[in-house]
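Survey of secondary and tertiary structure
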Amino acid sequence: MAQSNEESREKRPRVAAHLIVGPREEPFLSALCESLEGACQSLIVNDNSPDPSPHRAALESSTFARAGRLLLDRTPFTDFSSARNICLHLHRELDAGEWIAFVDADEVHGPAVARIARNLGEVPAEIHFVDGYTWHFFQSFERYMSIERRMAFFRFTPQARWEGSVHEKIQGLGGARLALPYVYAHYGWVMPARHHAQKGRQYLRLGAPGEVVHESELDRVQAENYFEFAHRWAGALRFTGSHPPAAQPIIDRVSRERADEFARVEQLIRECQPLPQRLRNALMKIQYDLRWRGRALNPQARRLLA
């Protein structure tokens, strides 16, 4: 006898998405929220931007807010692990669910994430992390640098905590990881070069190594001079897939607004990619595709996408 919809919902594990946002513009925030609608029962946000928050409209217009399932915290920023630990604390207080969706405001999921979340109850107890893969788009919606493994979900435990002021890591979970044949989009590197220069300055203040652009030079930062290391342009791979549906309206708008900039980037990439480099890139694309598609050989991974 088939299960009723009510019985299915009762067996479905509860998932809360944890998100932190700061003072910078996040053009994909509304798309992220939309992409999580079928996957998460609640959204817990630490918005540490100063008043008035640039994210207020996007968050308040989300389905989570309209349904009373958005929990918004406004604790000021000290470091990244502290911000994420605030979300964990609120999750614990509210008993928000057995699983946590680890998300950033510059990434957007595809429709398959809802199936994954629905099936998390099938994950064996010894597995604490469920990973996907992300396209890292680079200064264009038609180019990406790599496809990298990415933590998408992790189990909630009272011992879970984040450590590290920058490039924070989750602690208190000792279980295994399961990687899925699922890839979604990360658009952080599509943001203008000035955005990345400002981000580098913030990371340096938090103790991350590296050189940064002086504040007096920020207004002169452009993709051509900020990303001047040629291997970045030479290694940019042509994207032939489909963007997540929730992201497409934002992509269309940004593409119109930054059309001249994207045209310059495409010309620069072509100049850095003679035929031998294009052949190397074609092989690299095959390797990246095999990396995530090969996870379908694992029966447990296939079941989560069923």
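Because the structure is a prediction, the values reported are computed rather than measured. (Residues numbered from 1 in each chain as written. Predicted model: local features only at pLDDT ≥ 70, side-chain atom pairs only at ≥ 80, totals over all residues. Heavy atoms only, no water.)

Some points on the packing of aromatic side chains
Taken as a whole and assessed by the stated rule, the structure comprises 15 aromatic pairs. Judged by centre distance (5.3 Å) and plane angle (25°), the rings of Phe-102 and Trp-162 are stacked. Taken as a pair, Phe-102 in strand 4 (residues 99–102) and Trp-162 in strand 8 (residues 161–163) lie far apart in primary sequence, 60 residues in all. The two residues Phe-102 and Trp-162 agree in class, both being buried. A ring pair is formed by Phe-138 and Trp-189, whose centres lie 6.1 Å apart and whose planes are at 45°; its orientation type is tilted. Residue Phe-138 is located in the loop between strand 6 (127–137) and strand 7 (143–155), and its partner Trp-189 is located in the loop between strand 10 (176–186) and helix 7 (193–205); the two are separated by 51 residues in the primary sequence. Exposure remark for Phe-138: the relative accessible area of 1% places this residue in the buried category. An aromatic cluster of three or more residues is present, and its members are Phe-28, Trp-135, Phe-137, Phe-141, Tyr-144, Tyr-187, Phe-239 and Phe-262. (Phe/Tyr/Trp six-rings, centres within 6.5 Å; stacked < 30°, edge-to-face > 60°. Helix = DSSP H or I, 4+ residues; strand = E, 2+ residues; numbered from the N terminus. Buried < 20%, exposed > 50% of the residue type's maximum accessible area, 1.4 Å probe, protein only.)

As for the pairing of strand 10
With 9 of its 11 residues buried, strand 10 lies for the most part within the structure. Strand direction decides the pairing type here: strand 5 (residues 107–108) and strand 10, joined by 2 bridges, are antiparallel. When the sheet's bridge partners are listed, Val-108 is paired in strand 10 with Ala-185. In this sheet, strand 10 lies alongside strand 6 in parallel orientation, the contact comprising 8 bridges. (Pairing = 2+ DSSP bridges.)

Thoughts on the nonpolar core
With 36 residues, the main nonpolar core has Leu-19, Leu-120, Phe-153 and Leu-180 as its most contacted residues. For Leu-19, the residues in contact, after removing those within four places along its chain, are Leu-29, Leu-32, Leu-43, Ile-44, Val-45, Asn-46, Cys-87, Val-103, Asp-104 and Ala-105. (Core = buried A, V, L, I, M, F, W, Y, C linked by side-chain atoms within 4.5 Å. Contact = heavy atoms within 4.5 Å.)

Description of the pattern of salt bridges
Under the criterion given, the structure shown has 19 salt bridges. Salt-bridge contacts for Asp-104 lead to Arg-84; the nearest nitrogen and oxygen are separated by 2.9 Å. Pair noted here: Asp-104 is in the loop between strand 4 and strand 5 and Arg-84 is in helix 5 (residues 80–94), with a separation of 20 residues, a long-range link. Glu-142 is paired through a salt bridge with Arg-238; the nearest N and O atoms lie 3.2 Å apart. With a gap of 96 residues between them, Glu-142 in the loop between strand 6 and strand 7 and Arg-238 in strand 11 (residues 237–238) connect regions that are remote in the sequence. Classification of Arg-238 by relative accessible area gives partly exposed; the value is 30%. Here the salt bridges do not stand alone but share partners, grouping Arg-84, Asp-104, Glu-107, Arg-150 and Glu-168 into one network. (Salt bridge = Lys/Arg side-chain N within 4 Å of Asp/Glu carboxyl O.)

Some points on the environment of His-186
Positionally, His-186 belongs in strand 10. Once the C-alpha coordinates of His-186 and Phe-138 are considered, the two residues, 48 residues apart in sequence, prove to be 9.3 Å apart. Among all residues touching His-186, those that are not within four sequence positions of it are Asp-106, Glu-107, Thr-134, Trp-135, His-136 and Phe-137. Engagement of the side chain of His-186 in a polar contact is seen with the side chain of Asp-106, the distance being 3.3 Å. A distance of 3.0 Å separates the side chain of His-186 from the side chain of His-136, its partner in a polar contact. (Polar contact = N/O pair within 3.5 Å; in protein donor to acceptor, adjacent residues only side chain to side chain.)

A word on the side chain of Asn-281
If you trace the backbone, Asn-281 turns up in helix 12 (residues 275–293). The exposure class of Asn-281 is buried, given its relative accessible area of 9%. Setting aside its immediate chain neighbours within four residues, Asn-281 contacts Ala-234, Gly-235, Ala-236, Leu-237 and Gln-273.

Remarks on the pairing of strand 4
The alternating pattern of strand 4 places Trp-99 and Ala-101 on one face and Ile-100 and Phe-102 on the opposite face, and all of these are buried. Taken together, the 4 bridges between strand 1 (residues 15–21) and strand 4 define a ladder with parallel strand orientation. Counterpart to Ala-16 in the pairing with strand 4 is Ile-100.

With respect to empty space enclosed by the protein
Per the stated rule, a full pass over the model turns up 1 cavity of 30 Å³ or more. By volume, the largest cavity is sized at about 30 Å³. Glu-122, Val-123, Pro-124, Leu-178, Gln-300, Arg-303 and Leu-304 together form the lining of the largest cavity. The greatest single-element share of the lining of the largest cavity, amounting to 3 residues, is contributed by helix 13 (residues 299–304). Of the residues assigned to the lining of the largest cavity, the class counts are 4 nonpolar, 1 polar and 2 charged. (1 Å grid on protein atoms, 1.4 Å probe; cavity = no way out; pocket = protein on both sides within 12 Å on 5 of 7 lines; lining within 4 Å. Points joined across faces, edges and corners; volume = space filled by probe spheres on them. Nonpolar A, V, L, I, M, F, W, Y, C, P; charged D, E, K, R; others polar.)

Side note on helix 11 (residues 259–271)
With 13 residues, helix 11 extends 19 Å between its outermost C-alpha atoms, agreeing within 8% with the 18 Å of an ideal straight helix rising 1.5 Å per residue. Those residues of helix 11 that fall on the buried side of the exposure criterion are Glu-261, Phe-262, Val-265, Glu-266, Leu-268 and Ile-269. One side of helix 11 holds all its buried residues, which, seen down the axis, span an arc of 160°. Away from its buried face, by an angle of more than 90 degrees, helix 11 presents the exposed residues Asp-260, Arg-270 and Glu-271. (Expected span 1.5 Å × (residues − 1). Arc of directions from axis to C-beta.)

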